[in-house]
Each structure stands twice: as structure tokens, then as C-alpha cells.
Amino acid sequence: MTRSRGDELPAETTSLIGRNREVREIEAVLARARLVTLTGIGGVGKTRLALRVARRAGHGGAFPDGVRLVELSPLRNPHLLAHTVSAALGVPEQAAFPQEDVLAAFLADKRLLLVLDTCEHLVKPCADLATRLLTAAPGLRILATSRIPLGAPAERRYAVEPLADDRHAVALFLDRAAAARPDTDAPLGEEAVRRLCRRLDGIPLAIELAAGRMRSLTVDQLNERLDDRFGVLAGSRVSAPRHQTMLTTIGWSHELCRPPERLLWARLSVFAGPFDEADARAVCAGPGLPAEHVGRVLANLVDKSIVLRSGGRYRLLDTLREYGADWLVKLGEDDDLRHRHRDHYLDKARRFDESWCGPGQIARLRRIRADHADFRAALEFCFGRTGAHASGLELAGRLTHFWTATGLLTEGRRHLDRALALCPEPSRAGARALWAAALLAVTQGDPDVADRRLAECRAVLARIDDPHADAWATTIESVVAVARGRPTRAVAPAVAAQRAFARIGRPDVGALHARTVHGIALIDDRRLVEAREVLDDAREQALELGEDWLRSHAELFAGMTRLTLGDTAAARRSAVAALEVKQAFGDRFGCAVAVDLTAQVAAVRGEARRAAFLVGVADALWRSLRTDRVGAPLLVERHGECVASVRRQIGDRAFTLLRDQGRALDPDEGVARVLRGELPA
């Protein structure tokens, strides 16, 4: 995890007005309690307050391991809660342990503030996870926001109320109105503003929405329109008066939108996370809203503070998304829009899958990672609709390289398992999902499950013709043999898979995968010269195709062979080249192996002090993975030889001191130091 302070949180794009007292009070509560939940209605400003408190705490030095925000509003599957928190913290998944345990172990020695934002739809899972983590990690504190208290034993609640002081409400309105009308400094009439803010019950979101209308209306006109809306919604079935005020205010903002803007607002509610204009056009264009008008109407919604924009992406606040979703149902478009959303993200997954083996791989992965929440939403839709199960099967399979490259192996397996259970009939998509499930299982160190999935895949392939899936299944047979420590058995299927991919006749990441596994099997079989030739060839093929993920694998294992064969300069170049790519992908496992290799190179070259420090950096990486060193047997042996050699060269005391310096670094900072060459002389 990268050490973070308050500046790691989202930047404040607008000022926080009238909340100084609340900030001080929350800080005082957080100083006494380890779990504090900010409660209140939607739009009251819970998230803004939590972020301000967290930012101040991060800069104050109370949390040397930093602060982290986990946005839970897009998450609908409670089983993925621990995985979502882990992803925000940079904690890799581990197959052998429940992710809650992995997370607890990671946080055990940390002094960190965790902000869980928008918990109301996951109250019990959040309470259970918070209790588990706080028990395991005495230096952890959690600040949560929720419309409903979590009900955890250690929880202290802080009720966030609307702005009680008229001066603060007026100041907020005037500040946001000035942003809406930067071209005028005409007085707005403070008494009229005060009256408006009182009628909005001092709810910050309601006030900001009203201020956004100042582009086209006066304060008096706003008050008149609000009169109309109160009349229209007087019979609304809302229990709490403040909820009724919020509904009234949003409904009034909705009323002030033109028909195309209302329509787009409703249709945008199908997005679970941030989206760009192309996404909005693909999903939301249709009757009443031509595709060529979507960009302009979207800009209008940004101007009216309905949609937020950050960079080139957009999002709806949760409260406004819920309101839009209700209108989408009333319009009778909910089912159609969710199908279109599913189709759009399935198409994105297809394009990602088909272009994975090509230039710009890291950039494509970053772009597709930004759509993670919407892939989840599309999968949940597919699994919940009988007629959509087949699409869910294809979508889960098409995201195979996303699951592996981002380390979301457990999540990927969960989606694949659900899809396969819902679609038992033999199909090409089923064969793809089966070999993908086998690949993810063996990558997580679960070869027995991989074997079972491969057997199921072979049974499907006996009934359908799919040479591509057959070649992948053969590749994974080789991977499983390597994982079981049977390199001699791994060579034959790796060679067979390469021939199968060659017969298919198109460049494919599978062929590179088979070639790389072939080289690794040869290393384990002590056929080092052959291994170097195979891995060098795999690396060159990857360079030609622009494939970085497997190139780094080939580079790393080629470096091991070079070290064993005595070419330490080439081994170091390979290790650093692999580490650069592994860091860019966020591959913590690959980084650990690469740093271990740099330590071994340094030891062989007589750079014992550097080697000891590098062993410590690698130790920190392995510890963050909650596993011992694994990989090719040659690598494990070389690590033991490296440590023994360094101890002989500089003695136990110096070795321990330098190793502990490396261990004390945050793993990501340690990798950055290695790449910058900031190592002991």
C-alpha cells in the first residue's frame, strides 16, 4: 500500500461552508472511538464532512500509514465488500484464505484511517467487516457514512444535521450562485435567500441545487417555483419531513429541467460508476434523445449541478441517481435501459478481450479498470434475469485478462462460477469460462480446482468444435503441471499448445502464454540454455505484438536463467525491465519475484549491502501477499543461497540491519526505490 496522507483523497472542488463546529466535534469523537459513523439524510453533507476530517487527520500525523477512502455506493454484492476495501488499500487477493482474513492480516500493524463512504445498503456486512478489522488491527480507525447506523458494537454515531445557522446556509447559497453566475455581481437580496434556505431546511444539496438554477432564474422566481412544487408534492408518502423536503427539492430541480434533460437524467441512472460521453451516447440515446444531442444535454445537466464532471468522466450523486432511477421505472424504460447498459459493457469487454494482445496494453487496462463498477452491475443484471444468463457467461469470460492483470482473481472466479452454474449447457462461451476459471484457480495456487474445471472443459469440447478453447485448455494443463512441481510433464502440453495456436493462424496471447510456460517448465527441469532460448523468443514475440503482461513474465524468468548461467549484467537488466512493467500493472506478486532476483544478482556481484536491503524490500512485498516465497524451485533455492552469501560477506548484524531497513518500507515505496536506484552503497 502506498503511504498516504490527506492529499491522497479526492480534491475538494468547492469550499466547505458552515461546518467548522461539526469538523471539530467529529475529530473529538474519532479521537475517543475507533468506529465513528456519520448518519443523516441523503444530501446533508456526510461525505464532504468525512473527507474534510480525514484530510485533516492525514496531514496531522496521527495516521502514519495514511488515510484511504472506499466508495461503496456502486457495490451491490455484499460478498465483494472485503475485496472492494482490499482494492482501495492495494491488498492483493489470496486463494488460501478468506479475503477478510487477508485484509485483517495486512492491517494488523498499521496505524491507518479507513473511510467507508455510503454504507446504508450494506449495513450488516459493513458492521461485520468493521468489527473484524478493528479487532485484528489496534492501530486502525474507521470513519463511515450511512443514512442508517451500522449497529456494530464499537460504533459511535454522529448525526449530521442540516445547516442550522441561517448565515451559513445563505453563505453556501451565495457562494454556489456566484459560481453559477460568474458574469454578474448584482445583489441577490439576502432576506429572500434566507427565506429560500429556510424552506429548504438548510440541506446543503438542496441549497446547491437551488443555487445552480441562478443561471436562469432570480431568487424570487426560485421561491415561487418552490411554492408550486410543495403544492404538487404535498401528498407525497414520505415519513420524515426532511426527506420530503429533499424529495421536493430534487423534484423541483427535475421540473426545471427541459424534457430532454429529464430523460437523460433518468437514463443515466443505470450507470453504477463514472462514465464518459461515449458511454452516455451509446446507452442513453434513443427515442426523444438523438445520439447527436446527448453531449449537449449532458453539458446542460453539468451546468445545472445534476451531473458532476471530473476530467473527461461524469457521475451522478447517489441521491440524484436514485431519483433518476425512480423516474426511469415510471417512464417504463428501466428494463430496456438495463439491457442496453448490459450490451454496451459486453461490447466493451469483447473489444478489450480481442485487443488485449497489442500495443498500449497498460493504458487499455487503466481505461477498463475505470469501468469496474459498471461491469459488476452488468453481471449482476445478467445473473438476475433468466434471459440474460448467457450474456453473463460471455461477459465473465471476456474479462479473463482483466481479472488476472488486476489481481481480482477471487472476484473473477466468483462471477465465472455463478455464470457456469446458471448455464450448464455446452457452448463456446461455456468452454471459455471453464478454461478461464481453471487459469484463475491455478494462479491462486488451487491446482485441484483447476484440474476439475479443465476436465469439465474437455467434456464440453468433446461436444463442440472450438480449437481456440482447446489450445487454451492445453496451455493451462502445462501451468498446472508446473504448479504441482512436475516440469517434465509440463513441457509436452506447452509445446502442443503452441502448435495448436499456430494452426489457428492468428496472433494470440494464448500462444505467448504457452511459450512462456514452456520456458518456465524448462527452468524447473534444469534445462537452462533451452529455457533461455525459449523465453528470449517469447519476449521478442511479445515485443512485436506489443504485449507487456507476458513480456514481463518472460523477461523475469529469462533473467533467472541468465543469473544461473553467469551473465549477471543481463540478469539485472531483465529484472529491472520486468519490475518496471510489474509496477505499472500493479502486479505485487511479480514485483516480489523481480526484487528477489535483483537481490540475488547483487549478491553474486559482491554488492552485499545492496543485496541485504533488497532482500528486505522483497520480504515486505511477500509479507503483503501473506504468503511465503513461491515460484520456480530454482528461484526459491537462489533466495536461500543469496541470504547465506550476504551473511558471509558482511556478517549477521549488518545483514539484519540493512534487511530490516528494506522491510520497514511500504512495499510500493520499496519498489520505487529499487527502480530509482536508491540503494545502499
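Residues numbered from 1 in each chain as written. Predicted model: local features only at pLDDT ≥ 70, side-chain atom pairs only at ≥ 80, totals over all residues. Heavy atoms only, no water.

## Looking at the overall build of the chain
For step 1, the next point in the chain: Counting its secondary structure elements, the chain contains 32 helices and seven strands.
For step 2, the next point in the chain: Its C-alpha atoms give the chain a radius of gyration of 28 Å, near enough to 26 Å, the size a compact globule of 681 residues would have.
For step 3, the next point in the chain: Along the longest, intermediate and shortest principal axes, the C-alpha atoms of the chain span 85 × 65 × 45 Å.
For step 4, the next point in the chain: Looking at the chain residue by residue over its 681 residues, the buried ones come to 56%.
For step 5, the next point in the chain: A fraction of 74% describes how many contacts in the chain between residues 6 or more apart in sequence connect residues 24 or more apart. (Helix = DSSP H or I, 4+ residues; strand = E, 2+ residues; numbered from the N terminus. Rg over C-alpha atoms; globule rule 2.2 N^0.38 Å. Buried < 20%, exposed > 50% of the residue type's maximum accessible area, 1.4 Å probe, protein only. Contact = heavy atoms within 4.5 Å.)

## Examining the packing of helix α23 (residues 467-483) against helix α24 (residues 487-504)
For step 1, the next point in the chain: α24 packs onto α23 with a crossing angle of 160° between their chain directions and a minimal axis gap of 8 Å. The orientation of α23 with respect to α24, classified from their angle, is roughly antiparallel. The interaxial crossing formed by α23 with α24 has left-handed handedness. Where α23 abuts α24, its residues P467, H468, A471, W472, T474, T475, E477, S478, A481 and V482 lie against P487, R489, A490, P493, A494, A496, A497, A500, F501 and I504.
For step 2, the next point in the chain: In terms of residue class, the contact of α23 with α24 is built from 14 nonpolar, four polar and two charged. (Axes fitted to C-alpha atoms, helices over the stretch in contact; angles between N-to-C directions. Parallel < 35°, antiparallel > 145°, perpendicular 65-115°, else oblique. Left-handed = near helix turned anticlockwise from the far one by under 90°. Nonpolar A, V, L, I, M, F, W, Y, C, P; charged D, E, K, R; others polar.)

## Let's talk about the side chain of K348
For step 1, the next point in the chain: Along the chain, the position of K348 falls in helix α15 (residues 334-355).
For step 2, the next point in the chain: The class for K348 is buried, based on a relative accessible area of 12%.
For step 3, the next point in the chain: What K348 contacts, discounting residues up to four positions off in sequence, is D279, I368, D371 and F375.

## Overview of the packing of α24 against helix α25 (residues 509-524)
For step 1, the next point in the chain: Relative to each other, α24 and α25 sit at 155°, their axes nearing to 8 Å. Classified by the interaxial angle, the pair formed by α24 and α25 is roughly antiparallel. When the axes of α24 and α25 are compared, the crossing they make is left-handed. In this structure, α24 contributes P487, A490, V491, A494, V495, A497, Q498 and F501 to the contact, and α25 contributes G510, A511, A514, R515, H518, A521, L522 and D524.

## Overview of the sheet that holds strand β3 (residues 112-117)
For step 1, the next point in the chain: Spatial ordering of the open sheet is given by β2-β3-β4-β1-β5, a layout of five strands whose pairing is parallel. In this open sheet, the two edge strands, each paired with only one partner strand, are β2 (67-71) and β5 (155-159). Adjacent strand axes in the sheet meet at a mean angle of 20° when their direction is disregarded.
For step 2, the next point in the chain: In this fold helix α1 (residues 20-32) packs onto β1 (35-39), β3, β4 (140-146) and β5, with an angle of close to 175° to the strand it touches most, β5. (Pairing = 2+ DSSP bridges.)

## Some details on the pairing of β4
For step 1, the next point in the chain: Within β4, six of the seven residues are buried, leaving the element largely enclosed by the surrounding structure.
For step 2, the next point in the chain: With five bridges joining them, β1 and β4 adopt parallel strand pairing. Within the sheet, the bridge partner assigned to L35 lies in β4 and is I142.
For step 3, the next point in the chain: The sheet contact formed by β3 and β4 spans five bridges and is parallel. Across the sheet, L112 pairs through a bridge with L140, a residue of β4.
For step 4, the next point in the chain: What joins β3 to β4 is helix α5 (residues 123-136), and the crossover it makes is right-handed. (Right-handed = clockwise from strand over helix to strand, strands pointing away.)

## Considering the nonpolar core
For step 1, the next point in the chain: Within the largest apolar cluster, 142 residues are counted, with the highest numbers of intra-cluster contacts made by W265 and L268.
For step 2, the next point in the chain: With near-sequence residues (within four places) excluded, L268 lies in contact with F275, A280, C284, L298, L301, V307 and L316. (Core = buried A, V, L, I, M, F, W, Y, C linked by side-chain atoms within 4.5 Å.)

## What about the environment of L30?
For step 1, the next point in the chain: Considering the arrangement of structural elements, one finds L30 in helix α1.
For step 2, the next point in the chain: For the pair L30 and Y158, spaced 128 residues apart in sequence, the C-alpha to C-alpha distance is 10.0 Å.
For step 3, the next point in the chain: Non-local contacts of L30, meaning those with residues more than four positions away in its chain, are made with V36, V53, L113, R141 and I142.

## Overview of the packing of aromatic side chains
For step 1, the next point in the chain: Scanning the model with the defined rule gives 14 aromatic pairs in all.
For step 2, the next point in the chain: A ring pair is formed by W549 and F585, whose centres lie 5.1 Å apart and whose planes are at 75°; its orientation type is edge-to-face. Here F585 lies in helix α28 (residues 568-585) and W549 lies in helix α27 (residues 548-564), a separation of 36 residues in the sequence.
For step 3, the next point in the chain: Classification of F585 as buried rests on a relative accessible area of 2%.
For step 4, the next point in the chain: Ring pairing ties together the aromatic residues F271, F275, Y314, Y345, F375, F402 and W403, which thus form one cluster.
For step 5, the next point in the chain: Directly above the aromatic system of F106 lies the positively charged group of K110, at a separation of 4.2 Å from the ring centroid.
For step 6, the next point in the chain: Sitting over the ring of W327, K330 keeps its end group 4.9 Å from the ring centre. (Phe/Tyr/Trp six-rings, centres within 6.5 Å; stacked < 30°, edge-to-face > 60°. Lys NZ or Arg CZ within 6 Å of the ring centre and 35° of its normal.)

## Comments concerning the environment of I368
For step 1, the next point in the chain: Relative to the assigned elements, I368 resides in helix α16 (residues 361-369).
For step 2, the next point in the chain: Overall, the relative accessible area of 7% leaves I368 in the buried class.
For step 3, the next point in the chain: In sequence terms I368 and I17 are 351 residues apart; their C-alpha atoms lie 36 Å from each other.
For step 4, the next point in the chain: Every residue in contact with I368, bar those within four places of it in the chain, is listed here: K348, F352, F375 and F402.

## Structural notes on the side chain of S391
For step 1, the next point in the chain: By the secondary structure assignment, S391 is in helix α18 (residues 389-398).
For step 2, the next point in the chain: S391 has contacts with R342, L346 and C382, leaving out every residue within four places of it along the chain.

## Section: the state of the cysteines
For step 1, the next point in the chain: The final tally for this structure, using the stated rule, is zero disulfides.
For step 2, the next point in the chain: Looking at C257, it has no disulfide partner, and the nearest cysteine sulfur is the one in C284, 14 Å off.
For step 3, the next point in the chain: Given the relative accessible area of 3%, C257 is considered buried.
For step 4, the next point in the chain: Sulfur of C423: no disulfide; nearest cysteine sulfur belongs to C382 and is 9.3 Å away. (Disulfide = S-S within 2.5 Å.)

## A look at the pattern of salt bridges
For step 1, the next point in the chain: Scanning the model with the defined rule gives 63 salt bridges in all.
For step 2, the next point in the chain: The partner of D128 in a salt bridge is K124, with the nearest N and O atoms 2.8 Å apart. Here the residue D128 and the residue K124 both occupy positions in helix α5, the gap between them amounting to four residues, near one helical turn.
For step 3, the next point in the chain: You can call D128 partly exposed: its relative accessible area is 43%. (Salt bridge = Lys/Arg side-chain N within 4 Å of Asp/Glu carboxyl O.)

## A look at the pairing of β2
For step 1, the next point in the chain: Where burial is concerned, most of β2 is hidden: four out of the five residues are buried.
For step 2, the next point in the chain: In this sheet, β3 lies alongside β2 in parallel orientation, the contact comprising five bridges. Residue pairing for β3: E71 is matched across the bridge by D117.

## Description of empty space enclosed by the protein
A water-sized probe, rolled over the atoms, reveals where empty space remains.
For step 1, the next point in the chain: Applying the stated criterion across every chain yields a total of two cavities of 30 Å³ or more.
For step 2, the next point in the chain: Approximately 60 Å³ is the volume found for the largest cavity.
For step 3, the next point in the chain: Every residue along the wall of the largest cavity is listed here: P74, L75, R76, N77, L80, R376, A377 and E380.
For step 4, the next point in the chain: Looking at the lining of the largest cavity, its residues break down into four nonpolar, one polar and three charged. (1 Å grid on protein atoms, 1.4 Å probe; cavity = no way out; pocket = protein on both sides within 12 Å on 5 of 7 lines; lining within 4 Å. Points joined across faces, edges and corners; volume = space filled by probe spheres on them.)

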